[in-house]
Amino acid sequence: RILLMQPITHRGVDDDMLARWTGSLRNRGVRRDVRAAFAGMKPEYTLTAALANQDFPRPILIAWGDDDRLFKRRLAERLRDDLPHARLVTLADCAAFAAIDQPQLLAELIDEHLRDLTLPMS
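Since the model is a prediction, treat every value here as computed from it, not as a measurement.

Definitions and cut-offs
- Residues numbered from 1 in each chain as written.
- Predicted model: local features only at pLDDT ≥ 70, side-chain atom pairs only at ≥ 80, totals over all residues.
- Heavy atoms only, no water.
- Helix = DSSP H or I, 4+ residues; strand = E, 2+ residues; numbered from the N terminus.
- Rg over C-alpha atoms; globule rule 2.2 N^0.38 Å.
- Contact = heavy atoms within 4.5 Å.
- Areas by Shrake-Rupley, 256 points an atom, 1.4 Å probe, with all protein chains shown as cover.
- Buried < 20%, exposed > 50% of the residue type's maximum accessible area, 1.4 Å probe, protein only.
- Lys, Arg positive; Asp, Glu negative; His and termini not counted.
- Salt bridge = Lys/Arg side-chain N within 4 Å of Asp/Glu carboxyl O.
- Polar contact = N/O pair within 3.5 Å; in protein donor to acceptor, adjacent residues only side chain to side chain.
- Patch = residues over 30% accessible without salt bridge, like charges linked within 9 Å, V, L, I, M, F, W, Y side chains within 5 Å.
- Pairing = 2+ DSSP bridges.

K.L.:
Is there a simple way to explain the overall build of the protein in this structure?
P.N.:
Helix and strand counts for the protein stand at 7 helices and 2 strands. In terms of C-alpha radius of gyration, the protein reaches 17 Å, well past the compact-globule figure of 14 Å for 122 residues. Once the C-alpha set of the protein is aligned to its principal axes, its extents read approximately 50 × 35 × 25 Å. In the protein, the share of contacts with a sequence separation of at least 24, taken over all contacts with a separation of at least 6, comes to 67%. Of the roughly 9,100 Å² that the protein leaves accessible, carbon and sulfur atoms contribute 58%.

K.L.:
Would you mind showing me how to read the side chain of Gln 102 here?
P.N.:
You can see Gln 102 is positioned in the loop between helix 6 (98-101) and helix 7 (103-118). When residues no more than four places from it in sequence are discounted, the contact partners of Gln 102 are Arg 11, Ala 92, Asp 93 and Cys 94.

K.L.:
I tried to follow the side chain of Asp 68 on my own but got confused; where do I start?
P.N.:
Tracing the backbone shows Asp 68 in the loop between strand 1 (60-65) and helix 5 (73-82). Although Asp 68 is buried, it makes no salt bridge; Lys 72 carries the closest opposite charge, 7.5 Å away. There is a polar contact of 3.0 Å between the side chain of Asp 68 and the backbone nitrogen of Leu 70. Here Asp 68 is in contact with Cys 94, Ala 95 and Ala 96, once residues within four sequence places are set aside.

K.L.:
When you look at a nonpolar patch on the surface in this model, what are you seeing that I'm missing?
P.N.:
Together, Leu 25, Val 34, Phe 38 and Met 41 line one region of the surface with nonpolar side chains, adding up to about 380 Å² of accessible area. Among the structural elements, Leu 25 can be located in the loop between helix 2 (15-22) and helix 3 (28-39).

K.L.:
Would you take a moment to explain the pairing of strand 2 (residues 86-91) for this structure?
P.N.:
The side chains of a regular strand alternate, first on one face of the sheet and then on the other. Here 6 bridges tie strand 1 to strand 2, and the two strands are oriented parallel to one another. The residue of strand 2 that forms the bridge with Gly 65 is Leu 91.

Encoded structure:
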């Protein structure tokens, strides 16, 4: 299981956490709903949402793992470039799930970001 989780986390996921994440998939109705959700995903929805956010007026924090193998860095850079007030921060020793690999650092970044949002704009 450790190799299976390596693309998403360097720290690993124990059996209890994996069971919490996947336990609901034992339910046929949940599996049906997940399949329907994935089948309903269309590029035009994503592109429409992206266009709607191009003029988002607030600062945006994008925290990205330096070893994220699920979502390529070019996606983070594209997101940063598409959003006018976005800041991209790369998290060292981190894969896709920053909250597992670097929880303290991620919490500090979010706290700093939220604190900056409350400061008067100059």
